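Chain and residue survey
Below, each chain spelled out in residue letters.
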Protein chains: 2
Amino acid sequence: MNDFSEEEKESLYKAIYSRRDVRSNFTSEPIDEQILMRILKAGHHAPSVGFSQPWNFILIKNTETRKKIKESFEKEKTRSSKLVEEPRRSKYLSYKLEGILESAINLCVTYDPTKTGSFVIGRSSIPATGVFSVCCAVEGIGVGWVSILSNETLRDTLHIPDHVVPVAYLCLGHVSKFETKPDLETSGWLPRLKVDEVIYHEKWLQGKELKATVQ
Amino acid sequence: MNDFSEEEKESLYKAIYSRRDVRSNFTSEPIDEQILMRILKAGHHAPSVGFSQPWNFILIKNTETRKKIKESFEKEKTRSSKLVEEPRRSKYLSYKLEGILESAINLCVTYDPTKTGSFVIGRSSIPATGVFSVCCAVEGIGVGWVSILSNETLRDTLHIPDHVVPVAYLCLGHVSKFETKPDLETSGWLPRLKVDEVIYHEKWLQGKELKATVQ
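Presented here is an overview of the structure given in this document.

The rules behind these values
Residues numbered from 1 in each chain as written. Chains lettered and ligands numbered in written order. Predicted model: local features only at pLDDT ≥ 70, side-chain atom pairs only at ≥ 80, totals over all residues. Heavy atoms only, no water. Helix = DSSP H or I, 4+ residues; strand = E, 2+ residues; numbered from the N terminus. Buried < 20%, exposed > 50% of the residue type's maximum accessible area, 1.4 Å probe, protein only. Contact = heavy atoms within 4.5 Å. Lys, Arg positive; Asp, Glu negative; His and termini not counted. Charge placed at Lys NZ, Arg CZ, Asp CG, Glu CD. Buried area = accessible area lost by both parts, 1.4 Å probe. Salt bridge = Lys/Arg side-chain N within 4 Å of Asp/Glu carboxyl O. Polar contact = N/O pair within 3.5 Å; in protein donor to acceptor, adjacent residues only side chain to side chain. Nonpolar A, V, L, I, M, F, W, Y, C, P; charged D, E, K, R; others polar. Pairing = 2+ DSSP bridges. Least-squares fit on C-alpha atoms with pLDDT ≥ 70 in both. Core = buried A, V, L, I, M, F, W, Y, C linked by side-chain atoms within 4.5 Å. Axes fitted to C-alpha atoms, helices over the stretch in contact; angles between N-to-C directions.

In this section: the overall build of chain A. Helix and strand counts for chain A stand at eight helices and five strands. Tracing chain A from N to C terminus, the helices and strands come up as α-α-β-α-α-β-α-β-α-β-α-α-β. Its C-alpha atoms give chain A principal-axis dimensions of roughly 50 × 50 × 35 Å. Each of the 215 residues in chain A was classed as buried or not, and the buried ones make up 60%. Long-range pairs, those at least 24 residues apart, make up 78% of the contacts in chain A between residues at least 6 apart in sequence. Seen as two clouds, the 30 positive and the 29 negative side-chain charges of chain A have centres 4 Å apart.

Another aspect to go through is the interface of chain B and chain A. The partner chain A presents 102 residues to the 101 residues of chain B that form the contact. Across the chain B/chain A interface, buried area totals approximately 9,600 Å², and carbon plus sulfur atoms make up 64% of it. If you look at where chain B meets chain A, you find four salt bridges. The partner of A:E8 in a salt bridge is B:K14, with the nearest N and O atoms 3.1 Å apart. At the boundary of chain B with chain A, the tally comes to 36 residue pairs in polar contact (both at pLDDT 80 or more). Per-element accounting of the side of chain B that touches chain A gives the leading share, 10 residues, to helix 1 (residues 6-18) of chain B. Considering only residue class, the side of chain B that touches chain A consists of 57 nonpolar, 25 polar and 19 charged. Alignment of strand 1 (residues 55-60) of chain A against strand 5 (residues 199-201) of chain B, held across three bridges, turns out to be parallel. Of the residues in strand 5 of chain B, the one forming a bridge with A:F57 is B:I199.

The two copies are related by a screw operation: chain B maps onto chain A through 180° of rotation and 0.0 Å of translation along the axis, at an RMSD of 0.0 Å. Classification of the inter-copy transformation places it as that of a two-fold axis. Mapped onto chain A, 100% of the interface residues of chain B again fall at the interface, so both copies present the same surface.

Moving on: the nonpolar core. Note that soluble globular proteins tend to have their nonpolar side chains buried in a common cluster. Ranked by size, the top nonpolar core spans 80 residues in total, and within it A:L172 and B:L172 carry the most contacts. Those residues in contact with B:L172, other than ones at most four positions away along the chain, are B:F26, B:I31, B:L36, B:S103, B:A104, B:I105, B:L107, B:C136, B:I141, B:G142 and B:V143. Counting residues in hydrophobic clusters, the runner-up holds 29 residues, among them A:V146, A:I148, A:L158 and B:F51.

Reading across the sheet, the five strands line up as 3(A)-4(A)-2(A)-1(A)-5(B) and stay open at both edges, with mixed pairing between neighbours. Each end of this open sheet is capped by a strand with a single partner; those strands are strand 3 (142-145) of chain A together with strand 5 of chain B. Ignoring which end each strand starts from, the neighbouring axes of this sheet average 25° apart.

Residues and elements named next belong to chain A. Inspection of the entire model under this criterion finds 21 salt bridges over all chains. K70 is the salt-bridge partner of E98, the closest N and O atoms lying 3.1 Å from each other. Residue E98 is located in the loop between helix 4 (88-94) and strand 2 (105-111), and its partner K70 is located in helix 3 (residues 63-81); the two are separated by 28 residues in the primary sequence. Residues E98 and K70 agree in their burial class; the two are buried.

So, on to the environment of B:S133. Note that B:S133 resides in helix 5 (residues 128-138). Overall, the relative accessible area of 5% leaves B:S133 in the buried class. Sequence separation between B:S133 and B:R23 is 110 residues; the distance between their C-alpha atoms is 14 Å. Not counting the four nearest positions on each side in its chain, B:S133 is found in contact with A:P47, B:R19 and B:V143.

In the case of a regular strand, side chains alternate between the two sheet surfaces. Residue and element names in this part refer to chain A. Burial along strand 3 is two-sided: the residues G142 and G144 and V143 and W145 are all buried. Looking at chain direction, strand 3 and strand 4 (residues 165-173) are connected through four bridges and run antiparallel. Note that in strand 4 the partner of W145 across the bridge is L170.

On to the sheet that holds strand 3 (residues 142-145) of chain B, then. Taking strand neighbours across the sheet as the criterion, the five strands line up as 5(A)-1(B)-2(B)-4(B)-3(B) in an open arrangement whose pairing is mixed. Looking along the sheet, the strands with just one partner apiece sit at the ends: strand 5 (199-201) of chain A together with strand 3 of chain B. The sheet shows a mean angle of 25° between the axes of neighbouring strands, direction not considered. As paired strands, strand 2 (residues 105-111) of chain B and strand 4 (residues 165-173) of chain B are joined by seven bridges and run antiparallel to one another. Each bridged residue has a counterpart across the sheet, and for B:T110 the counterpart in strand 4 of chain B is B:P166. Running at roughly 160° to strand 1 (residues 55-60) of chain B, helix 2 (residues 33-44) of chain B makes contact with strand 5 of chain A together with strand 1, strand 2 and strand 4 of chain B of the sheet.

Here is the structure:
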């Protein structure tokens with residue numbers, strides 16, 4: 001099973017590099033139920049600490065619910081814009097940062113530390129979102145992660161209990177086009193870091209001497 | 001770019017389903033530097049909130065460092081075993097849960113919320129670990145996530161500053177064989193949940209009526 005041809009390897013890397021977060025260009029075409037289940041099933045097969053599979057996936061189509069989430073987004077966006085100075089503030093406010101209402105479906109990924117009993121082998125993190133992201137790419141589905149939201153609103157609106165953490169709020173749908181670069185790179189908000197800038201050797205901050213041949 | 005053939009899609013799903021966390025069977029064969037860089041670069045291309053790329057990757061080969069980390073593991077394992085009753089305690093203690101010393105290289109993934117300035121668009125999470133995991137699979141590299149560790153020991157040993165969070169501690173290396181199922185599933189510690197058990201519709205706990213055709 002763990003024997004991959006060069007073509008298979010290339011397919012994976014192609015998916016990883018063409019994967020893009022999407023906020024614009026959502027079309028009204030619904031997502032085929034089988035494709036959606038393939039994506040969810042793949043995310044569910046992501047690694048989890050102690051095989052705890054601590055996630056739940058809440059699928060949201062209801063317009064009223066989405067409007068409440070969108071209101072929270074608008075409020076948080078305005079609030080957070082005050083934390084950044086001009087000229088970046090206007091730039092930030094001008095960006096389209098979500099597709100809550102236009103996308104085919106919204107998906108809230110949650111983390112429940114008590115899911116499989118009180119004793120879990122090890123601490124937890126949620127790599128499922130990385131897997132979703134790559135699967136959406138190969139399925140031709142756009143996915144946009146909305147992070148400017150209040151967890152309180154998510155809890156209230158989706159009836160998520162206090163001990164459960166909303167980890168990601170994703171908007172999924174077909175799009176009229178995929179960008180080749182992240183929107184925030186294209187707009188000059190932040191540059192792509194070179195991979196050797198994020199690698200340290202043996203200790204924090206150590207090993208900037210590494211000459212990475214890739215970027 | 002976002003046009004994938006059936007073969008390419010299948011390659012990705014093959015990688016996701018054959019991906020396994022590895023704790024045993026590490027061989028002494030070193031990881032080719034180019035393969036390691038391909039994996040790190042792919043992880044670096046995971047999505048990040050506000051394009052903040054908040055991760056760093058600390059590569060650890062030094063044996064003294066690894067011995068300190070392993071000591072922390074042993075201590076935490078003993079400590080946490082007291083939280084679980086017999087007969088599960090003995091079962092837990094009998095499991096091999098890490099390959100810190102035997103693997104070719106250790107990798108600590110960190111999250112630095114201040115990385116790209118104090119104003120980040122949105123909150124953060126680290127999907128990079130999910131991407132690593134799939135890349136290791138296609139490269140024939142075993143990866144084992146060690147989560148029974150004290151963050152304090154990781155900070156002390158790797159000189160990680162207080163504002164940075166160690167997210168994952170991974171052991172990477174070639175292995176003599178890959179298992180087809182998660183070790184903790186094989187040993188009967190926990191079952192694989194069915195995907196429809198983790199899906200809710202519109203609200204938390206809602207929609208158990210969905211008949212999922214996949215598992």
